There are 2 protein chains.
Amino acid sequence: MRLIVKDMDIATGGVQVVLINQEDARMLDLHAEDRLLVRKGRRETTAVLDIGESPKAVPRGRVGVFEEVLDALHAKDGDVIEIELGEKPKSIACIKKKLDGFELSQAEVVQIVKDITDDKLTDIELTSYVTANYANGMSMKEIVFLTKAMVETGDRLVPKAKIVADLHCIGGVPGNRTTMIVVPILVAAGLTVPKTASRAITSPAGTADTMEVLAPVALPKKRLEQVLKDVGGFIVWGGAMNLAPADEKIIHVEHPLSIDAEGQMLASIMAKKAVVGATHLLVDLPVGPGSKLKNKSEALHLQRHFDDLGKVLGIKMKVIITNGSEPIGNGIGPALEARDCVWLLQGDARAPKDLLKKSLKMAGMLLEFTGKAAEGDGYAMANGILRSGEAYDAMVRMIKAQGGKEPVAEKIQLCKLTAVVKARRSGTVIKIDDALIARVARIAGAPQSKGAGLFLHVHKHADVKQGDLLMTIYSDSQAKLDFALKEAVNKEVLIIQ
Amino acid sequence: MRLIVKDMDIATGGVQVVLINQEDARMLDLHAEDRLLVRKGRRETTAVLDIGESPKAVPRGRVGVFEEVLDALHAKDGDVIEIELGEKPKSIACIKKKLDGFELSQAEVVQIVKDITDDKLTDIELTSYVTANYANGMSMKEIVFLTKAMVETGDRLVPKAKIVADLHCIGGVPGNRTTMIVVPILVAAGLTVPKTASRAITSPAGTADTMEVLAPVALPKKRLEQVLKDVGGFIVWGGAMNLAPADEKIIHVEHPLSIDAEGQMLASIMAKKAVVGATHLLVDLPVGPGSKLKNKSEALHLQRHFDDLGKVLGIKMKVIITNGSEPIGNGIGPALEARDCVWLLQGDARAPKDLLKKSLKMAGMLLEFTGKAAEGDGYAMANGILRSGEAYDAMVRMIKAQGGKEPVAEKIQLCKLTAVVKARRSGTVIKIDDALIARVARIAGAPQSKGAGLFLHVHKHADVKQGDLLMTIYSDSQAKLDFALKEAVNKEVLIIQ
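In this text, all values refer to a predicted model and were calculated from it rather than measured experimentally.

**Q** Requested: an account of helix 5 (residues 123-136) of chain B, with residues and values cited.
**A** All names here are of chain B. A rise of 1.5 Å per residue sets the reference length of helix 5, with its 14 residues, at 20 Å; its end C-alpha atoms lie 19 Å apart and thus fit the reference within 8%. Most of helix 5 is tucked away: 10 of the 14 residues are buried. Within helix 5, burial applies to Ile 124, Glu 125, Leu 126, Thr 127, Ser 128, Tyr 129, Val 130, Thr 131, Ala 132 and Asn 133. Remark: Gly 137 follows helix 5 within two positions and exhibits a positive phi of approximately 75°.

Have a look at this one:
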């Protein structure tokens, strides 16, 4: 069948699509989501069929072609192209099998991940896979297959070091920028630490957003390899690289329904560690009412799965369960958190004590775990590296290598507009609500506005007098500030008793 | 946030969509599939956000607007519109609940079906619902809720008659046009029979395709009510009406993965009977290796579910399990099947005996079931109505009322090009493969080409001599005919032993 190209002047940004009028589709016995072989001269590609109901979208005798297909065929508006029915991707049958409740083989999982990576699946097909994994669950075997397949379909870093340390926190606790402290301590101790971090999705700041206040975080792979060689570590945004690309496409269909299938989450995390060559991994599982993990039994369950997965993948694991019942650190929002970290690394008295303690504990564990410190000596060694300024120096080396300048805590730009929340009664702070703290900081403008967020003047168990400062909110818009303040005052963000 | 409209010049044909550049989306903290309130002056609508990666799709500061949204806002290219984050449809939370394995309440199912009907859900969200039903199964309560919700969200016919007869076959058997015989017999007996049929999706002909050879089948609701009043029955294409519109959208996402969740199939069938006011329903479940139901235990299982559902919905049901191991009738393809039916109704000796027998049996059951015939007298009464020509007269009245002319079997247009398949050995026909018969007829051009298909000269158990005619293939294209013939000869369509 020969049809005349209509240039749709749009890139789909994913799977290749062509659009045919519904009357033509009926004549040709074609259905939406069928695969078509599309040919112009000796160039050929496979596209997904979309069907247009009105002639306005595409009239009879024409085929609406989106940018990716035009590029593949070197075709332009008015060209004649040939179409015929092609075969659906092989992974469709595998997805059907998973939907029917059967366990998938390694070859089947590889096929699915390959087709996801190559943009061969439509949203309907990909969603079916993701929801099938969610509804039917994944076996440990399937999780391992998925992890390996994600590793193999993207770029990899191959550090020269025998020991490559890494850490991961499953998130949900505002502040909690331990990575920004632990990585420089480990680097100062001579370890190799290629830390890829994420940006905030639903939180006021991700580690990548916070590091970005101090240095560029979107670096190409080649540059990263050089930084790793020169400095021994970095803290960058993983999304800038093509590491485990299938993962982002899976998240794209998980996000609208807030599904986070456990198996997929495990595979996603472990794949991102495997691609940077991690040999020793510390995982932080904070537990608290506002965290991802609501109680200890959920955390213990996940801990077991991480341990099992580490064994199969040959990554040495330590999985710790921590207190996620209140924010860690004082600043919430990229710049405010970055300032906390700089203060801490510089030994400034204004640095948050809780962040210091948790970071030293985690750094100490990794130092012992990697053999840098003797059993029981890790915490002291980490503390020594921090106090001596070596950790700060290592951070400055990383910042400079990534393209930034030595930080000056006072010069970190915060938003100009501020509002304060004061204690309406005297008493003890018995609760700080993680989810509401995050909400107030996001309303104020974090993470898009780097200097927006809030600063906590008190922590849990603090005794306060009526009129004492509880928090300062920062925003660059009066409207946002007013709304954030209203939320902070009206909702029970801090409970005093 | 104010953005300038870019007219995308495309209708999405479903959910309302706007497209924003990824940099703007990041600034505004918006994610794909978020709902946006889109406003121009006093007009406002909710659209799904799609994110464009390249400025070619939509540059910063602009919003790509598809036809449905332009219409809703009365907006045009270059207009300034206001956008803000809206709320996701309420049904998203219900879908999540079903994904998590919980049973849905009536209110929740109604919410989902309403949002499906109103094009409020994206493919990702709708697919999640469909696959959740498939993977987790549906309770009888949920099936009833879904049926009722589908009935209530579309148009309905309200026949005046106290007894409204209907029949349904779950399909998979080529030929098998019993509806075209049973309906006129029942109408001749004075029953009201508003038969809405479907077109072929994967078969060589649906009842609607076959009836269309004799009369128009896409009639508006008002006209149908008149036909029903004047003649007592019709055979039309259900897709032309807005009956249970959610069903078609569900099928759209089921089709790519060939999922057919049992609960959804039951609800789909029963909803389409309930909307035409059926009080007495006969369901035909053919069992055979090429049919939808492969064995009797599957059929018995489905029979029980139909019976239960009928009780709850107040529709009197008879569910019969029939032999689906070979095609019924001789012609396969719309025109060839229509000719069989006309021969049969006219009492022509060339009419297929198997179709005659099965139709009389089914018509007889419905006559007894509705009280038109005494127990045990139905078959004879149906036979009498057929032999006397009353059934043929009723069919002619229906055809004319729908806008057709009295049929002349010899004038039914078959394709001009033919090819024959002959027996390569003498023996007995021990098998005719339903799926391969359907495939050959579809390759020849059915159902798009109404006169294409094949005619079976023999049936199962027939004794043939080498060189006897087995089938004649009809096509309007030599290429299609050659390919169909090749398939028919090379594959074991008919097995002689």
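That shown, we press on.
**Q** Describe in detail the relation of the copies chain A and chain B, supporting the description with residues and values.
**A** Least-squares fitting of chain A to chain B yields an RMSD of 0.1 Å, with the superposition described by an axial translation of 0.1 Å and a rotation of 180°. Both chain copies can therefore be described as sitting about a two-fold axis. When the interface residues of chain A are mapped onto chain B, 100% of them again lie at the interface, so the same face is used by both copies.

**Q** Requested: an account of the nonpolar core, with residues and values cited.
**A** Residues Ile 185 and Phe 306 of chain A together with Ile 185 and Phe 306 of chain B are the most contacted members of the largest nonpolar core, which totals 235 residues. Ignoring any residue separated from it by four or fewer positions in sequence, one finds Ile 185 of chain B in contact with Leu 360, Ala 363, Leu 367, Ala 382, Ile 385, Leu 386 and Ala 391 of chain B.

**Q** Got a sec to walk through the interface of chain A and chain B? Specific residues and values, please.
**A** The interface is formed by 42 residues belonging to chain A together with 43 residues belonging to chain B. Summed over both partners, the interface of chain A with chain B comes to about 3,900 Å²; 57% of that surface belongs to carbon and sulfur atoms. Among the residues chain A hides against chain B, the three largest losses belong to Ile 124, Leu 257 and Gln 448 of chain A. Together they make up 17% of the total. Seen at the junction of chain A and chain B, the total is zero salt bridges. Counting the contacts that link chain A with chain B gives five residue pairs in polar contact (both at pLDDT 80 or more). The set of elements that each furnish at least two residues to the side of chain A that touches chain B consists of helix 1 (22-27), helix 3 (91-99), helix 5 (123-136) and helix 10 (245-254) of chain A. Examining the composition of the side of chain A that touches chain B, we find that nine residues originate from one element, helix 5 of chain A, more than from any other. By residue class, the composition of the side of chain A that touches chain B is 17 nonpolar, 10 polar and 15 charged.

**Q** So what's going on with the packing of aromatic side chains? Which residues, and what values?
**A** This model, assessed by the stated rule, comprises zero aromatic pairs over all chains. Against the face of Trp 237 of chain B rests Arg 199 of chain B, its NZ or CZ located 4.3 Å from the ring centre.

**Q** Run through the sheet that holds strand 18 (residues 494-496) of chain B, naming residues and quoting values.
**A** Note: strands within a sheet are paired through backbone hydrogen bonds, in either parallel or antiparallel orientation. Residue and element names in this part refer to chain B. A sheet is described by the order of its strands in space; here three strands give the open sequence 16-14-18, paired in antiparallel fashion. If you trace the sheet from one side to the other, it starts and ends with strand 16 (463-464) and strand 18, each paired once. Taken together, the three bridges between strand 14 (residues 427-432) and strand 18 define a ladder with antiparallel strand orientation. In the sheet register, Ile 432 faces strand 18, and the bridge partner there is Leu 494.

**Q** Account for the pairing of strand 3 (residues 35-40) of chain B, naming residues and giving values.
**A** Residue and element names in this part refer to chain B. Where strand 3 lies against strand 4 (residues 43-52), six bridges are found, and the strand directions are antiparallel. Within strand 4, the residue paired with Leu 37 across the bridge is Thr 46. If you look at the hairpin formed by strand 3 and strand 4, you'll find two residues sitting between the two strands, and Gly 41 has a positive phi there, around 60°. Relative to strand 6 (residues 80-85), strand 3 runs antiparallel, the two being bridged by four bridges. Across the sheet, Leu 37 pairs through a bridge with Glu 84, a residue of strand 6.

**Q** Now, about the packing of helix 7 (residues 179-188) of chain B against helix 16 (residues 390-402) of chain B: what can you tell me, with residues and values included?
**A** All names here are of chain B. Contact geometry for helix 7 and helix 16: axes closest at 8 Å, N-to-C directions at 100°. It follows from the interaxial angle that helix 7 and helix 16 lie roughly perpendicular. In this structure, helix 7 contributes Met 180, Val 183, Pro 184, Ile 185, Val 187 and Ala 188 to the contact, and helix 16 contributes Glu 390, Ala 391, Ala 394, Met 395 and Met 398. When the residues that make up the contact of helix 7 with helix 16 are grouped by side-chain class, the tally is 10 nonpolar, no polar and one charged.

Definitions and limits used
Residues numbered from 1 in each chain as written. Chains lettered and ligands numbered in written order. Predicted model: local features only at pLDDT ≥ 70, side-chain atom pairs only at ≥ 80, totals over all residues. Heavy atoms only, no water. Helix = DSSP H or I, 4+ residues; strand = E, 2+ residues; numbered from the N terminus. Expected span 1.5 Å × (residues − 1). Buried < 20%, exposed > 50% of the residue type's maximum accessible area, 1.4 Å probe, protein only. Least-squares fit on C-alpha atoms with pLDDT ≥ 70 in both. Contact = heavy atoms within 4.5 Å. Core = buried A, V, L, I, M, F, W, Y, C linked by side-chain atoms within 4.5 Å. Buried area = accessible area lost by both parts, 1.4 Å probe. Salt bridge = Lys/Arg side-chain N within 4 Å of Asp/Glu carboxyl O. Polar contact = N/O pair within 3.5 Å; in protein donor to acceptor, adjacent residues only side chain to side chain. Nonpolar A, V, L, I, M, F, W, Y, C, P; charged D, E, K, R; others polar. Phe/Tyr/Trp six-rings, centres within 6.5 Å; stacked < 30°, edge-to-face > 60°. Lys NZ or Arg CZ within 6 Å of the ring centre and 35° of its normal. Pairing = 2+ DSSP bridges. Axes fitted to C-alpha atoms, helices over the stretch in contact; angles between N-to-C directions. Parallel < 35°, antiparallel > 145°, perpendicular 65-115°, else oblique.

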